[in-house]
Amino acid sequence: MNFHLPPNTPAEGVPARSPAELADLRARVDALNTRYRHHGAVSVLTGALNDPEAGDIALVSSFGAESVALLHLVAMIDRSTPVLFIDTRLLFAETLAYQQEVAERLHLSNVRIIRTDPATLAAQDPTDSLRDTSTDACCALRKTVPLENALQGFDGWITGRKRFQSSTRAALEFFELEDATGRIKVNPLAHWAPDDVRAYMDENRLPRHPLVAQGYPSIGCQPCTSKVAPGEDPRAGRWRGEQKEECGIHFVNGRMVRKGPST
Ligand code: SF4
């Protein structure tokens, strides 16, 4: 369904793609998925970061509960990879501290902190309460639009999304095409299971987000993240009580639309 952007928060220059351009990009993505079908995360990442055809790629990381595994993989290949971290200004203090700790530990040299500009925030959500009336509008203001603006100039981006995380990710492939922007999304951990992530972190002695031990297996903004009881889905604490599994907003020909839960 259509989503009404908060005024004054446009994503700048999201290009509309012609059908021919989209068909060409889709063919490239299909070819990449075929080529890497039997490969692992390191191979997919190495290809994405080094293949000239892939263009300029950034890693988008929340520095959340499992982020350090992918950050470590990227750091082993190229520590100067641009890492985009969206600070919604509503994150846990522990996440902000953890972000700095991990960046220093892994010697990541190109971490970029992405925030909504203060004037826009003051105009759209002066009391930090927009989420109380519309989590979609809040995510758009604080995440989707700033990320889209930060991704201008990149040909693709790497995510840490995995199939097991939610029903909307159950068919996730290594490479996806964002129809609206023509960017390629790279999901090198798509096939990893929870045990794979834990084993990787253990084997490489990577620091854990401190909130995991306090009952938060999935960590987003403080107002929208709650503890998860034993036996619950790990993401049950995200937007608890809402029919929402993702930030849920994407771009179609420069306009924002709500992404349905089954897509
Ligand atoms: S997760 Fe919650 S607080 Fe964070 S941007 Fe979305 S609605 Fe706002």
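Residues numbered from 1 in each chain as written. Predicted model: local features only at pLDDT ≥ 70, side-chain atom pairs only at ≥ 80, totals over all residues. Heavy atoms only, no water.

1. Brief notes about the overall build of the protein chain
Regarding its fold elements, the protein chain presents eight helices and eight strands. Within the protein chain, the fraction of its 263 residues that count as buried is 49%. Within the protein chain, residue pairs in contact and separated by at least 24 positions form 71% of the contacts whose partners lie at least 6 positions apart. (Helix = DSSP H or I, 4+ residues; strand = E, 2+ residues; numbered from the N terminus. Buried < 20%, exposed > 50% of the residue type's maximum accessible area, 1.4 Å probe, protein only. Contact = heavy atoms within 4.5 Å.)

2. Considerations on the sheet that holds strand β1 (residues 57–60)
One open sheet holds the six strands; their spatial order is β3-β2-β1-β4-β6-β5, and the pairing between them is mixed. Strand pairing shows two members of the sheet lacking a second neighbour, β3 (111–114) and β5 (175–177), which therefore form its edges. In this sheet, adjacent strand axes meet at a mean angle of 30 degrees when their direction is disregarded. Here helix α1 (residues 19–35) sits on the sheet and contacts β5 and β6 (184–186); the angle it forms with β5, its principal contact strand, is near 170 degrees. (Pairing = 2+ DSSP bridges. Axes fitted to C-alpha atoms, helices over the stretch in contact; angles between N-to-C directions.)

3. Side note on the side chain of Glu148
Looking at the element boundaries, Glu148 is found in helix α7 (residues 135–150). Residue class for Glu148 comes out buried when judged on its relative accessible area of 4%. Among the polar contacts listed, one links the side chain of Glu148 to the side chain of Arg183, at a separation of 2.9 Å. (Polar contact = N/O pair within 3.5 Å; in protein donor to acceptor, adjacent residues only side chain to side chain.)

4. Digging into unusual backbone geometry
Phi is positive for Asp128, close to 55 degrees, though the residue is something other than glycine. On the secondary structure map, Asp128 appears in the loop between α5 (118–124) and α6 (130–133). Its identity as a non-glycine residue notwithstanding, Arg205 has a phi of 50 degrees, on the positive side. With respect to the helices, strands and loops of the structure, Arg205 is situated in the loop between α8 (194–203) and β7 (249–252). Judged by its relative accessible area of 73%, Arg205 is exposed.

5. Considering helix α4 (residues 93–105)
Spanning 13 residues, α4 covers 18 Å between terminal C-alpha atoms, matching the ideal 18 Å at 1.5 Å per step. Among all positions in α4, only Thr95, Tyr98, Gln99, Val102 and Ala103 are buried. Projected onto a plane normal to the axis of α4, the buried residues spread over an arc of 130 degrees and lie on a single side. Of the exposed residues in α4, those oriented more than 90 degrees away from the buried face are Ala93, Gln100 and Glu104. Just beyond α4, the residue with positive phi is His107, at close to 55 degrees. (Expected span 1.5 Å × (residues − 1). Arc of directions from axis to C-beta.)

6. A few points about the pattern of salt bridges
Inspection of every chain in the model, using the stated rule, returns 14 salt bridges. Between Arg115 and Asp87 there is a salt bridge whose closest N-O contact spans 2.8 Å. Of this pair, Arg115 sits in the loop between β3 and α5 while Asp87 sits in the loop between β2 (83–86) and α4, placing them 28 residues apart in sequence. By relative accessible area, Arg115 is classed as partly exposed at 42%. Taking the shortest distance from any N to any O, the salt bridge between Glu173 and Arg163 comes out at 4.0 Å. Here the residue Glu173 occupies a position in the loop between β4 (156–158) and β5, and Arg163 occupies one in the loop between β4 and β5, the gap between them amounting to 10 residues. Of the residues examined, Glu173 reaches a relative accessible area of 34% and is grouped as partly exposed. Among the charged side chains, a salt-bridge network with shared partners connects Asp125, Asp128 and Arg142. (Salt bridge = Lys/Arg side-chain N within 4 Å of Asp/Glu carboxyl O.)

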